[in-house]
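# Observations on chain architecture
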Amino acid sequence: MTPPVPADDPHQEGGFETLCTHYGEHRLAHGGGATPPIYQTSTFVYPDAEAFEGRDDPKTPYYVYTRRSNPTTTILEAKLARLEGGSWARSFASGMGAITAALNLCLKSGAHVVVVSDCYHPTRRYLSEYLSRFDVRVTFVPGTDPADFIAALRDETRVLYLESPTSGRFDVLELAPLVAAARARGIATILDNSWSTPYFQRPLESGLDLVVHSATKFISGHSDTLGGIVVGRDETLRARLCDEAEMLGASIDPFAAWLLIRGLRTLPLRMEQHQRSGLAIARLLAQHPRVQRVYHPGLETYAQHAVAQRQMRGYSGLFSFALHEQTREATNRFINRLRVFSIGCSWGGHESLVVGGRSADLFAENVNEPEWIIRLHAGLEATQDLVADVRQALED
Ligand SMILES: *Cc1c(COP(=O)(O)O)cnc(C)c1O
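Position numbers for residues count from 1 along each chain, tracking the sequence in the order it is written. Local features in this predicted model are restricted to residues whose pLDDT is 70 or higher, and side-chain atom pairs enter the listing and the counts only when it is 80 or higher, whereas totals over whole chains, interfaces and linings include all residues. Excluding hydrogens and water, the side-chain figures rest on all heavy atoms present in the structure.

Looking now at the domain arrangement of the protein chain. In this document the domain limits rely on a domain assignment from an automatic tool or a database. Domain boundaries in the protein chain define domain 1 (16-263) and domain 2 (267-394). Computed from C-alpha atoms alone, the centre-to-centre distance between domain 1 and domain 2 is 27 Å. In this assembly, 35 residues from domain 1 lie in contact with 41 residues from domain 2. Accessible area that two parts lose when put together, with a 1.4 Å probe and added across both, is what the buried area reports. For the pair domain 1 and domain 2, the two sides together bury roughly 3300 Å², of which 57% comes from carbon and sulfur. It is Arg169, Phe200 and Phe218 in domain 1 that bury the most area against domain 2; as a group they hold 26% of the surface buried on that side. Every case where a carboxyl oxygen of Asp or Glu lies within 4 Å of a side-chain nitrogen of Lys or Arg is listed as a salt bridge. Between the two partners, domain 1 and domain 2, sit two salt bridges. Residues Glu174 and Arg310 are paired through a salt bridge, measuring 3.6 Å at the closest nitrogen-oxygen approach. In the analysis that follows, any N or O atom pair within 3.5 Å is treated as a polar contact, provided that within protein one partner can donate a hydrogen and the other can accept it, and provided that, for residues neighboring in sequence, both atoms belong to side chains. Counting across the domain 1 and domain 2 interface gives 19 residue pairs in polar contact (both at pLDDT 80 or more). Taken together, the elements giving at least two residues each to the side of domain 1 that touches domain 2 come down to α1 (16-22), α5 (121-130) and α8 (197-200). Under the scheme applied here, ten amino acids are nonpolar (Ala, Val, Leu, Ile, Met, Phe, Trp, Tyr, Cys and Pro), four are charged (Asp, Glu, Lys and Arg), and all others, including Gly, are polar. Of the residues assigned to the side of domain 1 that touches domain 2, the class counts are 13 nonpolar, 15 polar and seven charged. Should any heavy atoms of two residues lie within 4.5 Å, those residues are considered in contact. Here a strand is any run of E in DSSP of at least two residues, a helix any run of H or I of at least four, and the numbering for each starts at the N terminus.

Have a look at this one:
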């Protein structure tokens, strides 16, 4: 969990980039290494039996067992709590490990959840297929109108689960009215912030109770590890989440935590580049005669652009679009013509990726007329190479 920052640590304050580089590392306490050690150990030993007896005392200087906590993962958690504007963070073995733990924390049998319809597919399945076994009811709300979300809240609603931007069409939800309505009814609010990262959006500052991340994506940034994070401010939620996480067992491996600490050092630089390339490609697509619609919240023509501008500091490089020609052949022809983009799911890494399919299949949305949609992740290659690749793939 989140460690105390020693009072004499010179790196407690500073801009986002400074915190990414230094916050929470206490280098002199770790032999002065410029990078932290990887405590690749499953368990920890004690100097005497009395110290071991007191192992559950939160003030004990000793770690117990890596499923509970580990000094390397503690550094990652401290950094992410600070970057998100939270007071604590808990790491997990994957984004889904974090999301399921956060939902379980707030739910019980018979509870009701209100969820944005265009959410990440496995999250949707966990809610509608898995939790239904425990009598949890779910309402999926399409679109972006806050009134629709508020109208879906019931007496038994325990969680309002949001993504903004969402996973298929990158819709931006106006958070303030949703948070106010949930808070007035004692409903917990959770937001998946994987798309924006704390560099572009800090939902806890808008009053969200919990932020969850697939750290596998931009926080790692290198497509080489899985990880998940839950961040919050409430101390009661922290204590219960840590207790439950130890039972659920989806704890992060210390080496994976170390890779995520390394990823965070370049997060601001990478996000600027993803933003630059993503917007350049989206602008090309938006004025191309073969393109019907571009789902990128950073485009001035995008329906929720004004809300996005107010709520966010910028845009990552993951977005989708639809060709005029709504067929499998046209979709696959475009994808197969790409040379710099590789075909593959996931996103947030250094390499550009593309996937395509019908929106109902790919993004699991219950739309009456599924759209053939192509999702692009603009990686860290030269912007002009990515733009040129997309331009040539659109040639017939
Ligand atoms: C990938 C993803 C997840 C799941 O993360 P894993 O680390 O793959 O478990 C959760 N939310 C969103 C929005 C994602 O894209």
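So, about the site of the ligand. With respect to spatial proximity, the complete set of residues near the ligand consists of Ser94, Gly95, Met96, Ile99, Tyr120, Ser167, Asp192, Ser214, Thr216, Lys217, Gly227 and Trp347. Here an oxygen atom of the ligand and a side-chain polar atom of Thr216 are 2.6 Å apart. Within the side chain of Trp347, a nitrogen or oxygen atom sits 3.3 Å from an oxygen atom of the ligand. Contact with the protein chains removes 89% of the 380 Å² of surface that the ligand exposes when unbound. Residues are classed as near a molecule or strand on a simple rule: at least one heavy atom within 4 Å of it. We get accessible surface area from the Shrake-Rupley algorithm with a probe of 1.4 Å; when it comes to residues, only the shown protein chains can shield them.

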